Amino acid sequence: MKRVILGIFIGLLLALGLLVGGIWGLVRLAGRGELEVPSQALLVLDWSGSLPGHQISPMDANLGTPVTLSRVTEAIRQAASRPEIQALLIDRHLELPREYLSELDAAVAEFRRQGKPVLAHSELGIGTSYLAACLADEVALSPSVSGGLVLPGPRVSLTYMADGLAKLGIKVHVLHQGEAKGFGEQYARQEMSAPVRQNLGGLVDDLLAEELRWVGSRRGVDAALLHAELVRPERLWLTPQEAVELGLADTLLSRPAWEDRLEERFPGARRLSLSSWISSRRMMPTPGRDLTPDVDNHIAVLWAEGSIVPGISESAQVQIQSRAMIEAIRALAEADAVQAVVLRVESPGGSALAAEEIYQELVKLGERKPLWVSAGPVAASGGYYLAVPGRQLWISPFSVVGSIGVVGLLPDLSAGAKRLGLNPQVVAPLPAARLGNLGHPVEAATLAAMESRMALIYGEFRSRVLAHRPFSEEQLAPLAGGRVWAGRRAVELGLADHLGNLQDCLGSLQAELGGRDLPVRHYPRQKSLLTLLMEGSLRPRDLLPGAALGPAVQALGGGDLVSVLEREPARLADPRWSLRAELPLRLE
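Computed from a prediction, not measured in an experiment: that's the story for all the values here. (Residues numbered from 1 in each chain as written. Predicted model: local features only at pLDDT ≥ 70, side-chain atom pairs only at ≥ 80, totals over all residues. Heavy atoms only, no water.)

A. Main features of the packing of aromatic side chains. The tally for this structure, following the rule as stated, stands at 2 aromatic pairs. Ring geometry for Y359 and Y385: centres 5.8 Å apart, planes at 75°, overall edge-to-face. One end of the pair, Y359, is in helix α13 (residues 352-368); the other, Y385, is in helix α14 (residues 382-387), and 26 residues separate them in sequence. A relative accessible area of 5% places Y359 in the buried class. When the ring of Y385 is compared with that of F461, the centres are 4.6 Å apart and the planes differ by 25°; the resulting orientation is stacked. (Phe/Tyr/Trp six-rings, centres within 6.5 Å; stacked < 30°, edge-to-face > 60°. Helix = DSSP H or I, 4+ residues; strand = E, 2+ residues; numbered from the N terminus. Buried < 20%, exposed > 50% of the residue type's maximum accessible area, 1.4 Å probe, protein only.)

Take a look at the structure:
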């Protein structure tokens, strides 16, 4: 009874909070007009947290226009033609995936071609924040020795825990189709396997080479010499003076001194926040308007972001939900106004079944209209599955692609249950139902059956790649097996066609269409948290962490796994029955 009362109380508080937040947001929205642009303005790159691609989680959305890569690049291009905007400033810590550097670089280049400078200042440049500062024509650092530059480069960090899990009575069976498919092996091993270590080592080396090439090309520094300097232990943290001596910065200026120099160079100019400009009402048309008969001819950019999940998920996270994605693909295929489609893939993978269903619709779309693909920071495993139907695949040097393989996880909790004195009893004549019994170990026959089914899935995955990429089965074998590749290497190996960002892909597609300067529209339309709640796509209870899993967890307590999977297949991602195709890396 207490739990019921507590649940009602929490629900009332949440409803009250949503009501107050909605009213406050509507007041803000009603009072927001077109942002007044000063007669002399300095546009400041600013956003909170890591820059999203096109969609953001409803939990992170507000009632205004979200700040995303698709809007930031468009805003910079628009600013290039605005005479009152005199310069672009990068003077704060900016978080973004490395691949987005090339996307921003293309937009900044248009700004620079108008004769407008791009200026950067940093107290302490760390990682991608400094890489973003390299977009500028001039980089200034604060002179204090407590500042400077820290360039850690890319890395992969995985914690192996087989021994720790064994102490809890947990054993995880990790089944791989692909010797370098590393997902999940940290649960079954105590150290990285040799094929995974070799592949990840090559990937990190390639990404580091791209990072140094990026810095070197923009700072006029030899990448090889820069590498030789940064591997020295004493170069762990570069002082401001060392950064200038290495050519990584142009001058040493405190923040007030830099502000004074801006005032001398642009007297009377006021700062204009890029994020505020984007959030104003009429900075630009909102990307992703619904398809209607009166829409002008255009190229559609369809963003496929997040993990791939089957059906419709109630998760508030950004995901590629197969049913929604298929509907979007069909709408673009049938819309006369859409002259061509660029699929922008930013996904580490997910459900093999969902990936196959979406793949089939993409093939049909490609038979009706030009379909090209641009790979974002990661288009691996299921993400690469979606990329292969494209007539051309464009990939950034920092993109990670490949991971052609399949992995399944079957945790065995029987030893832990026994240690706790638990002995669930299940009457189940069929093997699939016995997976729900926590008190019994996973049977050898079950593992063999899983391996057999995974081999079929892996074969289907390879066949999809072979249908679109110029490989024989023998040529594909050393490139598959779960191996991942950085962009430049992927192009050299034939896994992608061209090295370039989304803008490069769109420019080449425009030329393919006869040089027509068609407008570009981005899909799907970003929905705010309030919109999702009002249309019923998101319920208040879904905003409580773990609330959506409540019924599924309770059902699992009874050991009835099969009925739960049948009743709520999209809601429950049960680890004991997991066939996934994904890249479990955090590239920092």
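B. Representation of a nonpolar patch on the surface within the structure. Residues L124, I126, L236 and W237 make up a contiguous nonpolar surface patch of roughly 400 Å² in combined accessible area. Considering the arrangement of structural elements, one finds W237 in the loop between α8 (223-230) and α9 (240-245). (Patch = residues over 30% accessible without salt bridge, like charges linked within 9 Å, V, L, I, M, F, W, Y side chains within 5 Å. Areas by Shrake-Rupley, 256 points an atom, 1.4 Å probe, with all protein chains shown as cover. Salt bridge = Lys/Arg side-chain N within 4 Å of Asp/Glu carboxyl O.)

C. Expanded view of the environment of S217. One can find S217 in helix α7 (residues 194-219). Given a relative accessible area of 51%, S217 falls into the exposed group. The spacing of S217 and C134 is 83 residues in sequence and 9.5 Å in space, taken between C-alpha atoms. Here the side chain of S217 touches R218 through a polar contact of 2.6 Å, side chain to side chain. (Polar contact = N/O pair within 3.5 Å; in protein donor to acceptor, adjacent residues only side chain to side chain.)

D. Seen up close, the pattern of salt bridges. Considering all chains together, one arrives at 29 salt bridges under this definition. With its nearest N and O atoms 2.6 Å apart, the salt bridge here joins R271 to D91. Of the two residues, R271 is situated in strand β9 (residues 270-273) and D91 in the loop between β2 (85-90) and α3 (100-113); the sequence distance between them amounts to 180 residues. A salt bridge links E492 to R489; the shortest N-O distance between them is 3.8 Å. Taken together, the residues span about one helical turn, with E492 and R489 both in helix α19 (residues 487-493) at a distance of 3 residues. On the basis of relative accessible area, E492 is assigned to the exposed category, the value being 56%. For R489, a relative accessible area of 34% gives the class partly exposed. Beyond isolated ion pairs, a larger network of salt bridges with shared partners links E229, R232, E234, R235 and E242.

E. Looking closely at the sheet that holds β2. What the 6 strands build is an open sheet, ordered β8-β5-β3-β2-β1-β9; its pairing is parallel. The two strands at the open ends of the sheet, each matched to only one other strand, are β8 (251-252) and β9. Both strand β1 (residues 41-44) and β2 contribute to a ladder of 4 bridges, which runs parallel. From the neighbouring strand, V44 faces β2, where its bridge partner is L89. Against the sheet, α3 touches β2 and β3 (118-122), its axis set at about 145° to β2. (Pairing = 2+ DSSP bridges. Contact = heavy atoms within 4.5 Å. Axes fitted to C-alpha atoms, helices over the stretch in contact; angles between N-to-C directions.)

F. Geometry of unusual backbone geometry. The omega torsion of the bond from Y523 to P524 falls at 0°, within 30 degrees of zero and hence cis. With respect to the element layout, P524 can be found in the loop between β21 (520-523) and α21 (529-535). For S381, which is not a glycine, the phi torsion comes out positive at approximately 55°. Structurally, the position occupied by S381 is in the loop between β15 (371-380) and α14. Judged by its relative accessible area of 0%, S381 is buried. Phi angles above zero are rare outside glycine, and S403 is one such case at about 55°. When you line up the elements, S403 lands in the loop between β17 (400-402) and β18 (406-412).

G. The arrangement of the packing of α13 against helix α17 (residues 444-468) in detail. Viewed as axis vectors pointing N to C, α13 and α17 meet at an angle of 25°, and their least axial separation amounts to 11 Å. By the angle between their axes, α13 is roughly parallel relative to α17. Viewed along their axes, α13 and α17 form a crossing whose handedness is left-handed. Counting all contacts with α13, which are made through A352, E356, Y359, Q360 and V363, the residues of α17 involved are I457, E460, R464, A467 and H468. Classifying every residue of the contact of α13 with α17 gives 5 nonpolar, 2 polar and 3 charged. (Parallel < 35°, antiparallel > 145°, perpendicular 65-115°, else oblique. Left-handed = near helix turned anticlockwise from the far one by under 90°. Nonpolar A, V, L, I, M, F, W, Y, C, P; charged D, E, K, R; others polar.)

H. Inspection of α17 at higher detail. End to end, α17 covers 37 Å across 25 residues, agreeing with the expected 36 Å (1.5 Å per residue, within 8%). Among all positions of α17, only T446, L447, M450, M454, I457, Y458, F461, R462, R464 and V465 are buried. (Expected span 1.5 Å × (residues − 1).)

I. Just the nonpolar core, in detail. Counting residues in each nonpolar core, the largest one holds 65 residues, and the members touching the most others are V72, L248 and V342. V342 has contacts with I299, A300, V301, L302, W372, S374, L502, C505, L506 and L509, leaving out every residue within four places of it along the chain. (Core = buried A, V, L, I, M, F, W, Y, C linked by side-chain atoms within 4.5 Å.)

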